[in-house]
Amino acid sequence: MQGCFEILHKDLAGRIGKLHTPHGTVETPALMPVVNPHIHLLDSQKLADLGAEMIITNSYIIHQDPMLREAALERGVHGLLNFGGPVMTDSGAFQLSVYGSVDIEPLEIFEFQQEIRSDISVPLDIPTSPDAPREQAERELAETERRLREAVDHRRDDLLLAGPVQGGIYPDLRESAARRLRNMSFDVYPIGAVVPLMESYRFRELVDVVVASKTGLGPGVPVHLFGAGHPMIFALAAALGCDLFDSAAYALYARDGRYLTPTGTYRLSELRYLPCSCDVCRKHTPESLSEDPKRVELLARHNLAVSFQEIRAVRQSIHDGHLWEHLERRCRSHPRMYQALRHLSRYAEYLERLDRVSKSTLFYLSNESARRPEVLRYRKRICRLELKGRVLVTDKRPENVECNKYDHILGFLPPFGPYPLGLEEMYPLNAELPGEMDENAVKEALDTLRSLIRENPGAEFHVEISYLEGCRDEVL
């Protein structure tokens, strides 16, 4: 189904989109609850009430159970799960990663997904461990791509086909694999084998893997980040350009007595208060929830409710052009998340190419805001300015400047740097800034000033900036 994805709004590499499937259209970013075909912890109506537009289940588990297999072949996977919206099916790759092998041929499980009319079928790829040596990653990638080509040859045109991107933690393998898959007829592109990175809080490497995969795929296709089910990761994943997430965490954590929030996980036994206003939390205390016979189901409902709440918050931040601000808040919830945010600055060029040009007011929330793509874009554009004669760059008020001595007068505002007077109310110079700027902001502004000076060798620059008092020559 070519043309199944529409992009409506963009911010950073994130986007709000529409994914068209045989069983309806889904707004992205979207979270798919994982439904165990053996244990329906929450029925389809409860899932829909909580916000599920689409779910994902495991076709391998269905296939290996004779009763489930016959029911799915007779009624389809939607009838089996009693869910009227889109259903995506995995192929057993998770079992393959855990047990080392599965008792089925790749083509057999793929054709089974087509027979039960899965909206999005996933071929049986090989998830490469993050700790695998490069030779193993290359070998498993080659086998995965062989299986994907086989699936393309046997696909049904009325159903969507997923092409998982593998390659371990090697960015060049991920990018080249994604580039090859992009030239084949897939509709959705999952980034696979990243659950171990998230489980071990290796978010910095996750950033590398996703950016490499997205670089190879290009900006126009829907991307699924396999296993990204914790709400604390949604903002980062969306900012990197991922559109679909799946969550088994809501149920697995509930069985283990764990309580999800957008900033981390708590043991229910350790909570004195429930910091949420969902239906479950409004009606319970930690003690009453722990003692309730339906504790697991109730905790799963909370975990899923808070996950969908975060998805909606991410969507709104994309719509408003404030995804970076939302990302900064979320990434300060854990040191490893903050490390990933700092690492993201290495990909400023990648984000700047995809980020929308105009937004609402920029909010400078921390020193990491100095590395936003808007700052890089501003530097590129201000350096197009052609200047001749005597140029003054100053952070003084205009009335305190001897204007007749200069051909051009530029203001100076960290983190952006020099700017033509009169543009201070224009985006992004109309940013909400703290009273005292941090070192990162000043450094970025001075780097832009140096770039502007280099681009105008014929101009005579005079610099009167309070940040440079006593150290002008050393800095410039």
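Computed from a predicted model, the values in this text were never measured in an experiment.

Draft legend 1. Region of the structure containing the side chain of Arg379. Within the secondary structure, Arg379 is located in helix H18 (residues 373-382). Assessed through its relative accessible area of 18%, Arg379 is described here as buried. A polar contact of 2.8 Å, which involves the side chain of Arg379, links it to the side chain of Thr448. For Arg379, the residues in contact, after removing those within four places along its chain, are Glu444, Asp447, Thr448 and Ser451.

Draft legend 2. View of helix H7 (residues 171-182). In this model, H7 (12 residues) spans 16 Å end to end at C-alpha, consistent with the 16 Å of a helix rising 1.5 Å per residue. If you check which residues of H7 are buried, you get Leu173, Arg174, Ala177, Ala178 and Leu181. In a view along the axis of H7, the buried residues occupy a sector of 125°, so they form one face of it.

Draft legend 3. Seen up close, the sheet that holds strand S6 (residues 87-90). In space, the 8 strands of this open sheet follow the order S8-S7-S6-S5-S4-S11-S10-S9, with parallel pairing throughout. Of all the strands in the sheet, the pair left with one neighbour each is strand S8 (160-161) and strand S9 (189-191). Sheet topology note: the strand S5 (residues 55-58)/S6 ladder contains 4 bridges and is parallel. Note on S6: the bridge partner recorded for Asn58 is Asp90. Across the sheet, helix H14 (residues 295-320) touches strand S4 (30-35) and strand S11 (244-247), and the angle it forms with S4 is around 160°.

Draft legend 4. Spotlight on the sheet that holds strand S2 (residues 14-21). As summarised here, the arrangement of the 3 strands in space is S1-S2-S3, forming an open sheet in which the pairing is antiparallel. Because the sheet does not close on itself, it has two edges, and the strands there are strand S1 (5-11) and strand S3 (24-28). Going from strand to strand, the sheet's axes swing by 10° on average, the running direction of each strand aside. In the sheet, S2 pairs with S3 via 5 bridges, with the strands oriented antiparallel. Bridging from a neighbouring strand, Gly17 pairs with Thr28 of S3.

What counts as what
Residues numbered from 1 in each chain as written. Predicted model: local features only at pLDDT ≥ 70, side-chain atom pairs only at ≥ 80, totals over all residues. Heavy atoms only, no water. Helix = DSSP H or I, 4+ residues; strand = E, 2+ residues; numbered from the N terminus. Buried < 20%, exposed > 50% of the residue type's maximum accessible area, 1.4 Å probe, protein only. Polar contact = N/O pair within 3.5 Å; in protein donor to acceptor, adjacent residues only side chain to side chain. Contact = heavy atoms within 4.5 Å. Expected span 1.5 Å × (residues − 1). Arc of directions from axis to C-beta. Pairing = 2+ DSSP bridges. Axes fitted to C-alpha atoms, helices over the stretch in contact; angles between N-to-C directions.

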